[in-house]
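What follows is each chain in one-letter form.
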Amino acid sequence: MESLHLNNTKDHERDTKLLDDEQGCMKISCFFCTMNDPDPSLRKVKIIRCFKEMPSRNDDELIFALSSLWNIAMTKPDDPEFPSLGIFECMAKLIHRAVGDKKWLLRDQNIYIPYYAAHIIGSYTMSKVRFVDKAIKSGAVSALLELLRGRITWVEQRVAVRALGHIASHDRTFKDIAVHESEIIELVMEIASTCLDEVYQKFIDQKESNRLKYHCNLLTRGLDGLEIENGKAEEWASQLQCWSLYLLNCFACREKSLSLICRKEFLRKLCRMWGGLTNPTSPAGIGLIRTLCNTRTGRQSIADLHEVVETLGNISRSSDDWQEMAIDCLFLLLKDPETRYKVIDIAVLFLVDLVELRGNTGARHKVGEIITQTLLLDYHKVRYGGLRLKSINAEKALEEIWDLKVDRKKREKLMSDEEIRKRKLSVTQMKKEGNLHFLSGEIEKAVMKYSEALDLCPLKMRKERVVLHSNRAQCHLLLKNPDLAISDTTRALCLSSATSPHGKSLWKRSQAYDMKGLGKESLMDSLLFVKGRVKSKKAKLARIPYYAAHNLLFTDEPTIVEEPLVEKQWRRRKLQSDGRSEKSISFTAGLSQSVNRVRDRDVIKSCASQIHEVVDRRILSTNTNR
């Protein structure tokens, strides 16, 4: 968790220490003197008295005491000392006073008090259920609800929803949160749906002079800089959304308020919520959807929304960290007889590309086989029993899976070694012919040759099939057919190693997703592609394609930036017609045009700052669907 400090906390502590050293503190209830008391028994009595007196105090020392308590709670959340001496009741009373007495709240630095108080409650209730019991008995829930209702600002809502999520996560204390079930669900759904826009409108879009000063101080920890403020505000907005979804998940996993959570308008928004790059451990919207898919009500609600199923399909064919979770959701929908035929027409069009997917370890190593079994569960009814799906394309996809995973395997097992050898030679020749058509600009003919080669290529020739799928995907990109490009690149990635995915297919799929307007999926592929290039054995001469450099760049390593294929071909033909060599043309370095095959650290550095800003904006704008 972030470490926040008021600007003058250190000065105050230094002055207090000097005063104590010289003449001794004269305040009976001084918190800092109490903490330094060498007598444990006397120290305990004084701490109890401090906690009782804090909510009614009006001196400047209160905020410094809270700041110190906040630091202790963050570093020692399992220490039982303060929870046993009345800190929860003290923090709850401070929050109630802040909400009920605006004049007191705006005096001096009291505006910081509700934030620190709620944060302290949240820190001590993370893991110890006995601390949670004490917090509930001390009235912490009612105080946190006041902040959750938006009685102050979104900054206080963020720490309130964090603390309530911790309390709700424990089975023993969930009932105390469930008392306010309807109100909490309504509030948190609204926060999750609107918090990103609210932070943009009320903070990021505001002029620096119009921003609340205490927000800036909390966000930047006293450091100056508009960029730091904006970056931290975006991170906090994303956390507010993720923690809100986590609290909703606490209710959903206990099958509480499913009728509220499964509202169509919320589910449509939910499928687009993700934790962004700042919250890599949060499954965000996809996590809540999977929880809902484990319930009958949730499955039926999601199955009725085709756009949600399509989103799950897109995530299942992406480099998203939660790809497997999206596949799980589709499994749950397909295995339920009540929802199978509501979603199979959509789901099969995505999962058909994943039937050869291999996971990293364990049961996930054969995830492609599980997908195949799930999709072909009752294919005999479609093939022989007269069962018809709503979509002809879905039936064709099932037929393709059957041919690839059943019929073709049987045929190849019966082939002689000589026949396999002849096929390999034919595939190599067809690929060469396809390459020649491609270089000649005959893209449709190249697609036909690559398709013929794939139909003939033995299934065991995985590397050759990776190249053929990737080459055909490039053709689809040039023909402006992103759907087919995504299909081919996904198949190439499934055939490649899970630990070292095929780089060219990653950045081609990133381009295809960008053509479809799927910014998040495009971004995740670009991230994984650049990460793979930078970590490769030849990192010092890593060649980053033009599109990936334009889309994302997070490295200062010397890099070769390639031009887009179309520009490269055009330049080559232009040079040939002019009778000049390739080295005699120069291009402007930058985002829109990049030097071909030239190591240029300055280009990378000049692009990096611009791309950092673009990516930061894209993360939040993708969440808000702007």
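Residues numbered from 1 in each chain as written. Predicted model: local features only at pLDDT ≥ 70, side-chain atom pairs only at ≥ 80, totals over all residues. Heavy atoms only, no water.

Notes on the overall build of the protein chain
So, step 1. Looking only at helices and strands, the protein chain features 34 helices and 2 strands.
So, step 2. Relative to its full complement of 626 residues, the protein chain shows a buried share of 53%.
So, step 3. A separation threshold of at least 6 residues defines the contact pool for the protein chain, and within that pool the share at least 24 residues apart is 70%.
So, step 4. When the accessible surface of the protein chain is split by element, carbon and sulfur atoms take 51% of a total near 29400 Å². (Helix = DSSP H or I, 4+ residues; strand = E, 2+ residues; numbered from the N terminus. Buried < 20%, exposed > 50% of the residue type's maximum accessible area, 1.4 Å probe, protein only. Contact = heavy atoms within 4.5 Å. Areas by Shrake-Rupley, 256 points an atom, 1.4 Å probe, with all protein chains shown as cover.)

Regarding the side chain of Lys405
So, step 1. Structurally, Lys405 can be placed in helix α25 (residues 392-413).
So, step 2. In this structure Lys405 comes out as buried when scored by relative accessible area, which is 12%.
So, step 3. One polar contact links the side chain of Lys405 to the main-chain carbonyl oxygen of Val355, over a distance of 3.4 Å.
So, step 4. Filtering out sequence-adjacent residues up to four positions away, Lys405 remains in contact with Val355, Glu356, Glu369 and Thr372. (Polar contact = N/O pair within 3.5 Å; in protein donor to acceptor, adjacent residues only side chain to side chain.)

Observations regarding the nonpolar core
So, step 1. With 144 residues, the main nonpolar core has Leu69, Met91 and Leu292 as its most contacted residues.
So, step 2. With 12 residues, the top contributor of residues to this core is helix α13 (residues 181-204).
So, step 3. Once you skip the residues sitting within four places of it in the chain, Leu292 turns out to touch Ala252, Leu258, Ile261, Cys262, Leu267, Leu270, Gly298, Arg299 and Ile302.
So, step 4. Within the second largest apolar cluster, 13 residues are counted, among which are Phe438, Ile443, Ala453 and Leu454. (Core = buried A, V, L, I, M, F, W, Y, C linked by side-chain atoms within 4.5 Å.)

Some thoughts on the UniProt feature "repeat: TPR" (unreviewed entry) in the protein chain
So, step 1. Those places that UniProt annotates as "repeat: TPR" (unreviewed entry) correspond, in this numbering, to residues 427-460.
So, step 2. Spanning residues 427-460, this segment combines 79% helix with 0% strand, and its end C-alpha atoms are found 13 Å apart. (UniProt positions renumbered as here; feature names shortened; annotations may be inferred.)

Some points on helix α21 (residues 323-335)
Every α-helix winds through 3.6 residues per turn, so residues three or four apart in the chain are directed the same way.
So, step 1. A rise of 1.5 Å per residue sets the reference length of α21, with its 13 residues, at 18 Å; its end C-alpha atoms lie 18 Å apart and thus fit the reference within 8%.
So, step 2. Contacts made by the buried residues of α21 are with α18 (284-293), α19 (296-303), α20 (306-316), α22 (340-351) and α23 (367-375). (Expected span 1.5 Å × (residues − 1).)

A few points about the packing of aromatic side chains
So, step 1. This structure, assessed with the given rule, holds 9 aromatic pairs.
So, step 2. Note on Phe88 and Tyr124: the rings are 6.3 Å apart at their centroids and 85° apart in plane angle, and the pair reads as edge-to-face. With a gap of 36 residues between them, Phe88 in helix α6 (residues 87-100) and Tyr124 in helix α8 (residues 113-124) connect regions that are remote in the sequence.
So, step 3. When the centroid spacing of 5.1 Å and the interplanar angle of 65° are considered together, the rings of Phe174 and Phe251 count as edge-to-face. (Phe/Tyr/Trp six-rings, centres within 6.5 Å; stacked < 30°, edge-to-face > 60°.)

Topic: the pattern of salt bridges
So, step 1. A full pass over the atoms with the stated rule returns 39 salt bridges.
So, step 2. For Asp320, the salt bridge is made with Lys520, and the minimal N-O distance between the two is 3.2 Å. Note that Asp320 is positioned in the loop between α20 and α21 and Lys520 in helix α31 (residues 519-534), a separation of 200 residues in sequence. The pair Asp320 / Lys520 is uniform in exposure class, with both members buried.
So, step 3. The salt bridge partner of Asp403 is Arg411, with a shortest N-O separation of 3.5 Å. (Salt bridge = Lys/Arg side-chain N within 4 Å of Asp/Glu carboxyl O.)

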